[in-house]
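# Examining the three-dimensional arrangement
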Amino acid sequence: MDVLLCNGLGIYLGMLTCEYLSMKPYHWRGMWNIPTHKGKLWRFASQFSPYSWMDFDWRPTASLKRWFAMLGFIAMFLLAELGTFYLKFILWIPPPHFLCLGRLVFLLLAGGVAMRETFEFLDNP
């Protein structure tokens with residue numbers, strides 16, 4: 001039930017969001033050409049959004065190499081989650097500890113780069 005409702009709905013809404021953002025027209029103009037303070041604040045916050053969106057088609061069943069790459073991704077994600085539980089349960093490190101958060105942020109940043117590199121490796125041999 002949880003997998004179908006929460007995770008499935010989250011994946012579906014995330015895919016819709018990415019599809020929407022890839023087709024969104026962007027109008028660039030200077031900060032001082034925006035008349036309202038709310039508009040300037042919105043412009044400042046949007047500075048930290050991606051420059052462009054790229055669609056990725058992983059095609060996991062296109063070849064045996066891609067299939068094993070996808071299985072490797074799944075295994076790495078599961079190992080990262082298992083490591084988090086080991087920190088909390090076996091080593092008795094509380095969840096708000098800076099090691100837990102720092103480790104997850106590091107894995108997030110390194111994992112994003114690694115996923116992009118792996119996609120390039122699989123797509124352009």
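Bear in mind the structure is a predicted one, so any value in this text is a computation, not a measurement. (Residues numbered from 1 in each chain as written. Predicted model: local features only at pLDDT ≥ 70, side-chain atom pairs only at ≥ 80, totals over all residues. Heavy atoms only, no water.)

## Looking at the packing of helix H3 (residues 64-89) against helix H4 (residues 98-123)
Running from N to C, H3 and H4 point in directions that differ by 175°, and their axes come no closer than 12 Å. Here H4 runs roughly antiparallel to H3, going by the angle between their axes. Contacts between H3 and H4 involve Lys65, Arg66, Ala69, Met70, Phe73, Phe77, Ala80, Gly83, Thr84, Leu87 and Lys88 from the first element and Cys100, Arg103, Leu104, Leu107, Met115, Thr118, Phe121, Leu122 and Asp123 from the second. Along the lines of polarity and charge, the residues of the contact of H3 with H4 split into twelve nonpolar, three polar and five charged. (Axes fitted to C-alpha atoms, helices over the stretch in contact; angles between N-to-C directions. Helix = DSSP H or I, 4+ residues; strand = E, 2+ residues; numbered from the N terminus. Parallel < 35°, antiparallel > 145°, perpendicular 65-115°, else oblique. Contact = heavy atoms within 4.5 Å. Nonpolar A, V, L, I, M, F, W, Y, C, P; charged D, E, K, R; others polar.)

## Notes on the packing of aromatic side chains
If you walk through the whole model with that rule in mind, you get two aromatic pairs. A centroid spacing of 5.4 Å and a plane angle of 90° characterise the contact between Trp58 and Phe73, whose relative ring orientation is edge-to-face. Taken as a pair, Trp58 in the loop between helix H2 (37-46) and H3 and Phe73 in helix H3 lie far apart in primary sequence, 15 residues in all. No difference in accessibility class separates Trp58 from Phe73, as the two residues are buried. Ring centres of Trp58 and Phe119 lie 5.0 Å apart, and the angle between their planes is 70°; on these two criteria the pair is classed as edge-to-face. Note that Trp58 is positioned in the loop between H2 and H3 and Phe119 in helix H4, a separation of 61 residues in sequence. (Phe/Tyr/Trp six-rings, centres within 6.5 Å; stacked < 30°, edge-to-face > 60°. Buried < 20%, exposed > 50% of the residue type's maximum accessible area, 1.4 Å probe, protein only.)

By themselves these figures say nothing about function.
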